[in-house]
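# Notes for the structure review
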Amino acid sequence: MLHWQEKLAKYGKIGPYGLTASALILCSLIFRLILLALDYPAVNSDEGTMGIEAMHIAFQGQHPIYLYGQNYMGVLEAYLAAPFFRLFGVSEFTLRLDMLIMFALFLLSMYWLGSLLYSKRLALLSLGLLSLATSDMLIQQLRAVGGAIETILFGSLLLVVAYRLAASAGRLQKSARGRYWLYLAWGFCAGIALWVHILVLPFVLTSGVLILIFCYREWRSAAIPCLLLGLLLGGFLLIPGYSALGNALSTQGGGAVLSNASPADLVNLVQKQFVSTFLWGIPLTTWFQPICATTDLPYYGPTTASTLSCTLLQGAWSAGYVLLLCSSLLMAGTAGWRLWRQRQADGQSFGEVEQQKLLTQIARLLHLLTAVMVIGLYLHSPLSGLKPVSTRYLVGLLVATPGILWPLWRVTGLGSRLSFKTSTGWLSRAALVLVILVVLASTISTLTTVPAAYAQAQQQQKLVQDLLKMHITRVYLEYWTCYRLLFQSQEQILCARPPYPQVVGGDRYSPDARAVQADPQLINPTIPFMFPTDKAGQTEITAFEHYNLQHGKSFREYMLDSMALFIPIVSSQAQRQVIPA
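Okay, so let's go over this structure. Nothing here was measured: the structure is a model prediction, and the numbers come from that model. (Residues numbered from 1 in each chain as written. Predicted model: local features only at pLDDT ≥ 70, side-chain atom pairs only at ≥ 80, totals over all residues. Heavy atoms only, no water.)

Here the focus is helix α23 (residues 535-551). With 17 residues, α23 extends 25 Å from end C-alpha to end C-alpha; this agrees with the ideal 24 Å at 1.5 Å per step. Within α23, burial applies to G537, I541, F544 and N548. The arc that holds the buried residues of α23, viewed along the axis, is 65 degrees, so those residues lie on one side. Turned more than 90 degrees from where α23 packs its buried face, K535, A536, T539, T542, L549 and Q550 sit exposed. Where α23 is buried, its residues touch β3 (529-532), β4 (555-560) and β5 (563-568). Put simply, D534 is the residue that caps the front of α23, since its side-chain oxygen is 2.7 Å from the backbone nitrogen of G537. (Helix = DSSP H or I, 4+ residues; strand = E, 2+ residues; numbered from the N terminus. Expected span 1.5 Å × (residues − 1). Buried < 20%, exposed > 50% of the residue type's maximum accessible area, 1.4 Å probe, protein only. Arc of directions from axis to C-beta. Contact = heavy atoms within 4.5 Å. Polar contact = N/O pair within 3.5 Å; in protein donor to acceptor, adjacent residues only side chain to side chain.)

A separate point is unusual backbone geometry. Leaving glycine out, the prevailing phi sign among residues is negative, and the prevailing peptide bond configuration is trans. The omega angle of the peptide bond from Y40 to P41 is -5 degrees, so this bond is cis rather than trans. Take P41: it is sitting in the loop between α2 (16-37) and α3 (45-60). One non-glycine residue, M73, adopts positive backbone phi at about 75 degrees. Overall, M73 belongs to the buried group, its relative accessible area being 5%. Even without a glycine there, the phi angle at H471 is positive, about 60 degrees.

This paragraph deals with the packing of aromatic side chains. Going through the model one piece at a time under the given rule, you end up with 18 aromatic pairs. On the basis of an interplanar angle of 40 degrees and a centroid distance of 4.8 Å, the ring pair of F529 and F544 is categorised as tilted. Placement of F529 in strand β3 and of F544 in helix α23 is noted, with a sequence separation of 15 residues between them. Clustering of aromatic rings is evident, with ring pairs tying together Y476, F529, F531, F544, F555 and F566. (Phe/Tyr/Trp six-rings, centres within 6.5 Å; stacked < 30°, edge-to-face > 60°.)

This paragraph deals with the sheet that holds strand β1 (residues 474-477). Pairing within the open sheet is mixed, and its five strands lie in the order β2-β1-β3-β5-β4. The open sheet has two free edges, formed respectively by β2 (494-496) and β4, since each of these has just one partner strand. Taking the axes of each pair of neighbouring strands and ignoring which way they run, one obtains an average angle of 30 degrees across the sheet. As paired elements, β4 and β5 share six bridges and run antiparallel to each other. Looking at the pairing, L560 lines up with M563 of β5. Packing against the sheet, helix α20 (residues 450-469) makes contact with β3, β4 and β5, and its axis sits at approximately 145 degrees to β4. Along the sheet, α23 makes contact with β3, β4 and β5, crossing β3 at roughly 145 degrees. (Pairing = 2+ DSSP bridges. Axes fitted to C-alpha atoms, helices over the stretch in contact; angles between N-to-C directions.)

Below, the discussion takes up the packing of α20 against helix α21 (residues 479-488). Viewed as axis vectors pointing N to C, α20 and α21 meet at an angle of 75 degrees, and their least axial separation amounts to 10 Å. In terms of their interaxial angle, α20 and α21 are classed as roughly perpendicular. Judged by residue contacts, Q460, Q461, L463, V464 and L467 of α20 engage R484, L485 and Q488 from α21. For the contact of α20 with α21, the class distribution of residues is four nonpolar, three polar and one charged. (Parallel < 35°, antiparallel > 145°, perpendicular 65-115°, else oblique. Nonpolar A, V, L, I, M, F, W, Y, C, P; charged D, E, K, R; others polar.)

What follows covers the nonpolar core. Ranked by internal contacts, the top residues of the largest apolar core, which has 158 residues, are F106, W186, W195, L210, L485 and M530. Once residues within four sequence positions are removed from consideration, W195 is found in contact with I65, Y66, M73, G74, V75, L76, Y79, L237 and L238. Ranked by size, the runner-up nonpolar core spans eight residues in total, among them V275, W280, C292 and Y300. (Core = buried A, V, L, I, M, F, W, Y, C linked by side-chain atoms within 4.5 Å.)

We now examine the state of the cysteines. This model, assessed by the stated rule, comprises one disulfide. One disulfide in the model links C482 with C495; its S-S distance is 2.0 Å. Between C482 and C495, the S-S dihedral sits near 95 degrees, and the bridge is therefore right-handed. Linking C482 in helix α21 with C495 in strand β2, this pair joins segments that are 13 residues apart in sequence. Neither C482 nor C495 differs from the other in exposure class; each is buried. (Disulfide = S-S within 2.5 Å.)

Set out below in structure tokens:
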């Protein structure tokens, strides 16, 4: 009992840094909680799919492994949301409560990581920046679509646990049980994160290398069995889907798209990958709200009045980010090399102090290499060029935040004593202030989009209510509305992708689709069609009407909450099945 009292007294003390960190985390959560209450961001069908799986887990006893319609991306968010559905009911808000919890844990682990590798002051500055966000960052943190929040949470935890193991290496006899638990924890985090998404792989590799370098003497102990046991416990759901990692890599690689590409197409794609990464992806993922659309970027559309300005501003932000990343790598690599050369020159083994200094530099180097790997993988992937909005694959850059700020922090002297004697100090302070102002401006710009998101959410709910009032519970609908509607109506309204003029198939959850259309090759003549009225929807409507004209099919057309609804004109008996009197 005395032992645990001492432990509690030791870890229960919260100093001024801990209090400040707690306040920042609390404010960050309140800010995001308000956004969720205002239905920000708007629900999409990917999130609707996750919500449907959570409903099936909570109320039907199902145990899905991956997101419906694919054999990769584990549905941890659905399992975490299921208890909230049971307690508070099914809604977008309750679906996203687990996102808030994971984000809070991410901030906590980032404070630990920044404090361990750099300093508590720099960790607090990092927390302050991570509390703010662009629209894209908030979408990754709040929308339950799988992969993004788990990547940064488990990625930062893996680095924290690996550092703790490396820092206490050689003390196995004194604290064997505690270290075995750490090995188990690292394995568990790696396993469950790899089940959720392959995006976490850079963090698994770098943290694993840190353990290998400093803890290799323990491989003959129970450390390896504990690590493997944790890996099995966390990633056992990967076993029935052993091909998941390969499928995820092939999906992100875009190999199928490149198979028939000409040399000119390949050159154009490489150019787009570079532009997408450095003029769009990195700025949007690191607090710079873009000032233009993707169609204004070079190679993505004709030159506009915004092309030059967005290229210069967003390119300058990415250049600054890469410069800081390279500076941090150089600082950590140079310091580590000097310590190693000193050891070689002295011909003696390191003492505990020198060993700790070497560990810190190597840990910093590996921490920063995760950002290099994240950028490199995204830049290499054809998906970045084909679909520049897929910036969630760069979400791992957030874990590198304290390392990116480290060069500015060092030059400003804020980590130790304040000094304004050199011009370098003034310039670095000005750069740091500029970064903070840009982050604040981006966050304010994001807040201006909240009313539109709220109005969109209200319109989505009205669509559900209007369809139910019309007794329409089966409808042909494109994916990006279908699975959102399925979730928001709690499967009172079932839908399937239009069987014409498009190819039949592509439904994520076939039981619901077969309830609309029992035979995927035969059109159900009593089911209405519905299309969005945006530009893409108008193209589908034109093709739909052309097909109907050719085949003599008749529909009554309605405008319903920014959707075009086509109700088939069939026999009165079949019509009553669609819209009962």
